[in-house]
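As a plain string of letters, each chain reads:
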Amino acid sequence: MNCKKAKKKIPLLLGKELSGKKEERLKSHIGRCSSCQKEFRELELAMAKLKTLVQEEKAMDWDQAEWQTLIRQIISQKIERKAFPLRFLPKLAAAYGFAFIILSVLFVFLFRTIIIKQKSIAPWPEEILVQNREPLLTIPGEEKEESTELQVMAKAQKPLISPTHKVQAASQPKKAESQESLSVTFVSQETGLRVVWVFNKNFEWKENEK
Amino acid sequence: MSEKEKDLVEMVLEGNLDAFEPLVSPYRRILLSFAYRMSGNLEDAKEISQETLMRAFKYLKRYDPKRSFKNWLFQILVNVARRFSQKKERIQNFYSLSQTAEQLSPQQNYIQKQLKTQLLECLDILSSREREVFLLRDIENCGDEESAKILGCSSISVRVHLSAARKKIKERIKEKFPYLWEEKR
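Residues numbered from 1 in each chain as written. Chains lettered and ligands numbered in written order. Predicted model: local features only at pLDDT ≥ 70, side-chain atom pairs only at ≥ 80, totals over all residues.

(A) Inspection of the overall build of chain A at higher detail. Within chain A, the regular secondary structure consists of seven helices and four strands. Starting at the N terminus and ending at the C terminus, chain A contains elements arranged as α-α-α-α-α-α-α-β-β-β-β. Within chain A, the fraction of its 210 residues that count as buried is 10%. For chain A, long-range pairs separated by at least 24 residues make up 36% of all intrachain contacts whose partners lie at least 6 apart in sequence. (Helix = DSSP H or I, 4+ residues; strand = E, 2+ residues; numbered from the N terminus. Buried ≥ 20, exposed ≤ 12 C-beta atoms within 10 Å, placed from the backbone. Contact = placed C-beta atoms within 7 Å.)

Right, dumping it as structure tokens:
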């Protein structure tokens, strides 16, 4: 440690404000350096003198009557109840606003995939929905409940096709009673182009365009 | 905080207002002296102490019993003294054209000097922040952390100001009491 650094730290040695290591280093420097030693002694002397000045100073005190009046005056004022301090309101409002914005951004960020998915699933064209109300792939002699089950399955499969190809498909029996043929209609959301595939009993198909 | 003080605070908060006097009475001298050393004027010191006690009473509900009551009072006092000096400066600036220190009569000047104690003359050299730190640390013997809390600054800032204050005080005492050094030699 050099004298410049030591002289900066000497005032802190008096009140033991320095950490153990720093204090030791400074003390060892003061032990070796006469100029720093002098500085330290002078400071010690000055502080000792100041403390005697504090003790010599006439103790300040209130006049008893004055003190009693003051206390009476203080007691007569209203003590603060747990009222909400109005001066904090603007700060609180700002904090709440900020928190609300952050939470909304987080909410949008977390649920955006769900929102986007829901948007991309377009509603089925009414015509197809009407057609789907009819039993799908009904085989004569079978009960109606099974056909509705199939209908549900068909509906569940539809969204898997539509978001990727932008084409919605629906299977529709032309003549459900006889099952002579089976048609599948593809409707493009963008162009409105409708493609109908009609299969016969042997699954040989022909294509119609509307 | 002592048990007695705790009880007194609770009594005041419960509505027994007479308990306030014994609560603050032990600190009346300390507060007045501290305010006097801060402001350098007895009238101002009384005003500052009065405002401090008023605030202490008003905001007693906010007092944290884990802290020392004395230090809490000091914290209020420091804030009041700061505001007071700002207000005073503004007023002095306002009246500076009409009345300056030089315009005081020699008699007034003499009275003012007589009123000032030697201690105050030594403290005069310090800036307001240095004076606050010095009074708390070296006169009132508050700890580093507690002083920082009272003054609303970091303990590093306390140390920096304290170091500067001690150096200045040393120079002032050397200048005012040169015989001390002569005796030493």
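(B) A look at the overall build of chain B. A tally of helices and strands in chain B yields eleven helices and zero strands. From first element to last, N terminus to C terminus, chain B shows the α and β order α-α-α-α-α-α-α-α-α-α-α. A burial count over chain B gives 30% of its 185 residues as buried. Intrachain contacts of chain B at a sequence separation of at least 6 include 62% that bridge at least 24 residues.

(C) Summary view of helix H8 (residues 128-139) of chain B. Residues and elements named next belong to chain B. Across its twelve residues, H8 extends 15 Å between first and last C-alpha, which sits within 8% of the 16 Å expected from 1.5 Å per residue. Those residues of H8 lying buried are Glu130, Arg131, Glu132, Val133, Phe134, Leu135, Leu136 and Arg137. One or two positions beyond H8, positive phi appears at Asn141, with a value near 55°. (Expected span 1.5 Å × (residues − 1).)

(D) Expanded view of the pairing of strand S3 (residues 194-199) of chain A. All names here are of chain A. Inspection of the sheet shows strand S2 (residues 182-188) paired to S3 by six bridges, in the antiparallel sense. Bridge pairing in S3 links Val187 to Arg194. Connecting the antiparallel pair S2 and S3 is a turn made up of five residues, with Gly192 showing a positive phi of about 80°. (Pairing = 2+ DSSP bridges.)

(E) Expanded view of the interface of chain A and chain B. In this complex, chain A contributes 28 residues to the contact, which on the side of chain B involves 35 residues. Looking at the side of chain A that touches chain B, the elements with two or more residues in it are helix H1 (3-14), helix H3 (34-56) and helix H4 (64-76) of chain A. Sorting elements by how many residues they give to the side of chain A that touches chain B places H3(A) first, with nine residues. Each residue belonging to the side of chain A that touches chain B can be placed in one class, and the counts come to 19 nonpolar, two polar and seven charged. (Nonpolar A, V, L, I, M, F, W, Y, C, P; charged D, E, K, R; others polar.)

(F) Looking closely at the confidence of the model for chain A. Residues and elements named next belong to chain A. On average, residues of chain A score 71 in pLDDT, and 62% of them are at 70 or above. Highest mean pLDDT in chain A belongs to H4 (89); lowest belongs to helix H7 (residues 144-165) (44). Scored below 50 in pLDDT, residues 133-139 makes 16 contacts in the model with residues more than four places away or belonging to other chains. With pLDDT under 50 throughout, residues 141-176 is counted as low confidence; its partners more than four residues away or in other chains account for 60 contacts. (pLDDT = per-residue confidence, 0-100.)

(G) Representation of helix H4 (residues 42-58) of chain B in the model. Here H4(B) contains 17 residues, and its C-alpha end-to-end distance of 24 Å stays within 8% of the 24 Å for a straight helix at 1.5 Å per residue. Those residues of H4(B) lying buried are B:Ala45, B:Ile48, B:Ser49, B:Thr52, B:Leu53, B:Ala56 and B:Phe57.

(H) Inspection of the nonpolar core at higher detail. Ranked by internal contacts, the top residues of the largest apolar core, which has 45 residues, are B:Phe34, B:Ala35, B:Leu73, B:Phe74, B:Leu77, B:Ala81 and B:Val133. Take this core: its biggest share by element is nine residues, from helix H5 (residues 69-95) of chain B. Taken domain by domain, this core gets at least three of its residues from each of domain 1 (1-100) and domain 2 (117-185) of chain B. One finds A:Ala6, A:Ile10, A:Leu26 and A:Phe40 within the second-largest nonpolar core, a separate group that totals seven residues. (Core = buried A, V, L, I, M, F, W, Y, C linked by C-beta atoms within 7 Å. Domains from an automatic or database assignment.)

(I) Layout of unusual backbone geometry. One non-glycine residue, B:Asn141, lies in positive phi territory at about 55°. Mapped onto the secondary structure, B:Asn141 falls in the loop between H8 and helix H9 (144-151).

(J) Focus on the environment of B:Lys46. Here B:Lys46 lies in helix H4. Linking B:Lys46 and B:Ala35, residues eleven residues apart in sequence, is a C-alpha distance of 7.5 Å.

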